[in-house]
Amino acid sequence: RYGPRAIRAASTVPSPPYEHFNIETGVDPFGVFRTVDYGDVNISPGDVVESHRRMTDKVKEVLDIDGIPVMLGGDHSITFANVRAFAKKYKNIGMIHIDTHADCAPQGLCGFKYDHGAHIRRIMELGCLKGKNYTLIGPRGYWPGPDLYKWMADQDFQWFTMLDVEELGIDRIAKEAADRANDNVDAVYISWDIDTFDPAYAPGTGEPEPNGLTSREGMKLMR
Ligand SMILES: [Mn+2]
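Reading the values: rules and limits
Per chain, residues are indexed from 1 in the order of the written sequence. Confidence filtering applies because this is a predicted model: local features only for residues at pLDDT of at least 70, side-chain atom pairs given and counted only at 80 or more, and all residues used for totals across whole chains, interfaces and linings. In computing side-chain properties, one takes all heavy atoms of the structure into account and sets aside hydrogens as well as water. The helix and strand labels rest on DSSP assignments: H or I over at least four residues marks a helix, E over at least two residues marks a strand, and numbering proceeds from the N terminus. Strand pairing is assigned whenever DSSP detects at least two bridges linking the two strands. Note on method: axes are straight lines fitted to C-alpha atoms, helices fitted across the in-contact stretch only, with angles between N-to-C directions ranging 0 to 180 degrees. Any nitrogen, oxygen or sulfur atom within 2.8 Å of a metal ion counts as a donor, with the limit raised to 3.2 Å for Na, K and Ca, and since water is left out, coordination shells can look unfinished. Buried, partly exposed and exposed residues are distinguished by accessible area as a fraction of the type maximum, computed with a 1.4 Å probe on protein chains only: under 20%, between the cut-offs, and over 50%, respectively.

K.L.:
Honestly, unusual backbone geometry in this entry has me stumped. Any pointers?
P.N.:
What is expected of a backbone is that most residues other than glycine have negative phi and most peptide bonds are trans. Here the amide bond leading from tryptophan 143 into proline 144 is cis, since omega sits at -5°, within 30 degrees of zero. Relative to the elements of secondary structure, proline 144 occurs in the loop between strand S2 (134-137) and helix H6 (146-154). Its identity as a non-glycine residue notwithstanding, asparagine 184 has a phi of 65°, on the positive side. Examined against the element boundaries, asparagine 184 turns out to sit in the loop between helix H8 (170-181) and strand S4 (187-192). Despite not being glycine, asparagine 211 has its phi angle at roughly 70°, a positive value. Relative to the helices and strands, asparagine 211 resides in the loop between S4 and helix H9 (215-222).

K.L.:
Explain the sheet that holds S4 to me, please; I cannot follow it from the model alone.
P.N.:
What holds strands together in a sheet is hydrogen bonding between their backbones, with the strands either parallel or antiparallel. Overall, parallel pairing links the 4 strands, which are arranged S3-S2-S1-S4 in an open sheet. At either end of the open sheet lies a strand with only one pairing partner, and these are strand S3 (158-160) and S4. Taking each pair of neighbouring strands and ignoring which way they run, the sheet shows an average axis angle of 15°. Relative to S4, strand S1 (residues 93-98) runs parallel, the two being bridged by 6 bridges. Each residue of the ladder has a partner; that of isoleucine 96, found in S4, is isoleucine 190.

K.L.:
Can you help me understand the coordination of the manganese ion in this one?
P.N.:
Metal coordination angles in their ideal form are 109.5 degrees for the four-donor tetrahedron and 90 or 180 degrees for the six-donor octahedron. At this site the manganese ion is bound by Asp99 (OD), His101 (ND1), Asp193 (OD) and Asp195 (OD), with donor distances of 2.2 to 2.4 Å. Of note, the donors binding the manganese ion are all from one chain and are spaced D-x1-H-x91-D-x1-D. Note on accessibility: aspartate 99 and histidine 101 belong to one class, buried.

Limitation: the analysis is restricted to geometry and does not speak to function.
Here's what the structure looks like:
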């Protein structure tokens, strides 16, 4: 509920003597983009389906004026609502999903069709995402089980576990994920679960799991 408020408090736009210019990239993002805080979605507490509908409408408003929407905060089930807005504008969507969990269970973790463990399955049902354009980066731990990884393989999904991150390096994985996501699509959607980071860096998550990404790997991956 208070996630957006906390994110705003932690990400205040620098004011003098600090610069907007980023030292590592040499870029002033506020000089390159016209940036707007478009406010919170008015969710309906206790009604996930209605809340998702309102999210889809709000994201669609940004897409309608050719903006690039960046959605922050909320349960990971919001990805279904957001991608549904993209699917109203774009026919084929590529996806890079950075997460400890594959989130493709037919009925989520707890038997609810729209919970945070089911959004990839719901997106596949929209018909806007082909398996060859999907990559998952960062899975580890104990959920989901082999039956769902078998389903993912059957869809032509690609995934890189944290062991792969260690062995192949984040650069090579980022390139392959970007190549797959951009192969013959109209738009690319990036979905990032905070639990991909090691709990040592980001403990504020419902599903902390050791052996995650370092902050440095995460920054590199996003760039
Ligand atoms: Mn997760």
